[in-house]
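# Report on the structure
Each chain, written out:
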Amino acid sequence: MHVEKIELKYEDNIGIFHFDDHLALNSLLNSEISRCGSKKSSDNPTQENHNITGINFYNSRNYSFLRLKKWVEYCVKKFMSVDANKLNGVIFEDIWANRYEKGDYIRRHRHLPNTYAFVYFVQSTKDHPPLSFDGSYFSFQGKDGDLIVFNASLWHHVEKNMIELPRITISGNIQSTSVLSPNYENHNSNLSMFNIPT
């Protein structure tokens, strides 16, 4: 099994990692995202803070998504150890794919009541808009294979994509079992990915 390189940085409750073998993985992820179709969030009248195309992958059994999910879980646990959040495990609340066509954006939002949120970059160049954290003056210009994990309380946004090439990411919400009640059960979320986009 290929062992991925992991680089951890820590700034303002933010951890940054990189998937070394991302070319093969991202090719599979991109194909699966395209195969599954999409829905424009502007078609949803309850969502006024963003305009992207996306797919909910919470229940996906696709190999590429399962491999990514396993790696993300490992990175989140590593990040939590730095964040001094001692835990027994993590629970994925939601996982979704975002496709930013030219002109697409996401306004200021955050991911409470979750513990952490993450973004994995499937297709992102220096000409795409960064993930910007409000008030911290920190913006992350993710490149293909990068993963950013951050505290769900942090406000953030993505400016309009101004180029023809879509910006493609996979995002999710995570709960630490250390902050959940003993009676909490994984609720097998049916929430639309449009509820809390990244």
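Before going into details, it helps to say that this report is about the structure given with it. Being a predicted model, the structure only gives us computed values, none of them experimental.

### A look at the overall build of the chain
Tallying secondary structure elements over the chain gives two helices and 13 strands in all. Here the chain holds 198 residues, and 52% of them are scored as buried. The long-range share in the chain, meaning contacts at least 24 apart out of those at least 6 apart in sequence, stands at 79%.

### Focus on the nonpolar core
The biggest cluster of nonpolar side chains holds 27 residues, and the ones touching the most others in it are Trp71, Val72, Tyr120, Leu147 and Ile170. Among the elements that make up this core, the one with the highest residue count is helix α2 (residues 63–82) (eight residues). Formed by 14 residues, the second largest nonpolar core is a distinct cluster that contains Ile14, Ala117, Phe121 and Phe150.

### Considerations on the packing of aromatic side chains
Summed over the entire model, instances satisfying the criterion amount to seven aromatic pairs. Ring plane angle 75° and centroid distance 5.2 Å describe the contact between Phe79 and Tyr116, whose orientation is recorded as edge-to-face. With Phe79 in helix α2 and Tyr116 in strand β8 (residues 116–123), the pair connects residues that are 37 residues apart, well separated along the chain. Owing to a relative accessible area of 0%, Phe79 belongs among the buried residues under this scheme. In this structure, Arg108 is placed above the aromatic ring of Trp155, and the distance from its NZ or CZ to the ring centre is 3.9 Å. Taking NZ or CZ as reference, Arg167 lies 4.7 Å from the ring centre of Tyr100, over its face.

### Focus: the pattern of salt bridges
For side chains bearing opposite charge, pairing can occur when the charged atoms are close. Scanning the entire structure with this criterion turns up eight salt bridges. With a closest N to O distance of 3.9 Å, Asp21 and Arg67 form a salt bridge. In this pair, Asp21 is assigned in the loop between β2 (14–18) and α1 (22–35) and Arg67 in helix α2, connecting sequence segments 46 residues apart. The residue Asp127 makes a salt bridge to Lys126 at a minimum N-O spacing of 3.6 Å. The class for Asp127 is partly exposed, based on a relative accessible area of 47%.

### Structural notes on the side chain of Glu32
Along the chain, the position of Glu32 falls in helix α1. Among the residues examined, Glu32 registers a relative accessible area of 9% and is labelled buried.

### Describing the environment of Ala117
Residue placement: Ala117 occurs in strand β8. Separated by 33 residues in the primary sequence, Ala117 and Phe150 have C-alpha atoms spaced 5.6 Å apart. Setting aside chain neighbours within four positions, we find Ala117 in contact with His111, Ile148, Val149, Phe150, Ala152, Gly172 and Asn173.

### Points about the pairing of β2
For β2, the tally of buried residues reaches five of five residues, placing the bulk of the element in the interior. Across the two faces of β2 the burial is the same, with Ile14, Ile16 and His18 and Gly15 and Phe17 all buried. With five bridges connecting them, β2 and strand β11 (residues 146–151) associate as antiparallel partners. Residue pairing for β11: Gly15 is matched across the bridge by Val149.

Conventions used here
Residues numbered from 1 in each chain as written. Predicted model: local features only at pLDDT ≥ 70, side-chain atom pairs only at ≥ 80, totals over all residues. Heavy atoms only, no water. Helix = DSSP H or I, 4+ residues; strand = E, 2+ residues; numbered from the N terminus. Buried < 20%, exposed > 50% of the residue type's maximum accessible area, 1.4 Å probe, protein only. Contact = heavy atoms within 4.5 Å. Core = buried A, V, L, I, M, F, W, Y, C linked by side-chain atoms within 4.5 Å. Phe/Tyr/Trp six-rings, centres within 6.5 Å; stacked < 30°, edge-to-face > 60°. Lys NZ or Arg CZ within 6 Å of the ring centre and 35° of its normal. Salt bridge = Lys/Arg side-chain N within 4 Å of Asp/Glu carboxyl O. Pairing = 2+ DSSP bridges.

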